[in-house]
Amino acid sequence: MPISPTPDQELGPCPICGRMMVAGDSVDRHHWTPKSKGGTDTEWLHRVCHRMIHRLFDETTLARDLNTPEKIIPHPDMQTFIRWIRKKPVDYVDWPENAGRYGRNRRRSR
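So, a few notes on the structure that sits alongside this text. As the structure is a computational prediction, the values presented were derived from the model and not from experiment.

### Brief notes about the packing of aromatic side chains
Considering all chains together, one arrives at two aromatic pairs under this definition. Both rings, one in Phe81 and one in Trp84, keep their centres 6.1 Å apart while their planes meet at 45 degrees; by these two values the pair is tilted. Here Phe81 and its partner Trp84 are both found in helix H4 (residues 76-85), three residues apart, which amounts to about one turn of the helix. Summarising the aromatic geometry, the rings of Trp84 and Tyr92 are spaced 5.9 Å apart at their centres and angled 75 degrees between planes, so their arrangement reads as edge-to-face. Judged by its relative accessible area of 34%, Trp84 falls in the partly exposed class. Among the aromatic residues, ring-to-ring pairing joins Phe81, Trp84 and Tyr92 into one connected group. It is Lys88 that lies over the ring of Tyr92; its NZ or CZ is 5.4 Å from the centre.

Procedures and definitions
Residues numbered from 1 in each chain as written. Predicted model: local features only at pLDDT ≥ 70, side-chain atom pairs only at ≥ 80, totals over all residues. Heavy atoms only, no water. Phe/Tyr/Trp six-rings, centres within 6.5 Å; stacked < 30°, edge-to-face > 60°. Helix = DSSP H or I, 4+ residues; strand = E, 2+ residues; numbered from the N terminus. Buried < 20%, exposed > 50% of the residue type's maximum accessible area, 1.4 Å probe, protein only. Lys NZ or Arg CZ within 6 Å of the ring centre and 35° of its normal.

So, in C-alpha cells, the structure goes:
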C-alpha cells in the first residue's frame, strides 16, 4: 500500500498534468524507473495520471525511454489524456477499484 502524504504536506503541481495535488487518496508515488528495473527515485503524481502511465507503457519502456515527465508528456496518447484530465477536479480518482491495462472494461469482456 502506498504511503500517503500528511494533510499538511505541500505537494505542488502534478508533474504530468500540471494540476495542483491534494494530499489524500487522489495521489500516488511513482518510480520514474520501475522498481523491477532498479529504480529508487519517486515523486508524487495524481493517482489517475499514475495509472494512465502504467496502462499505456510497460516497465521496460518506462525504464529505457520514458523515465522523466519531460519524456512521457509529449507522447500522443498522454497528450490526449492530459487534455481530458485537466478538466477534472484536482481530487478526481478514476476507477479506483480497477487497476491494469483494461480499466473498467475488464469485467464486461469476461
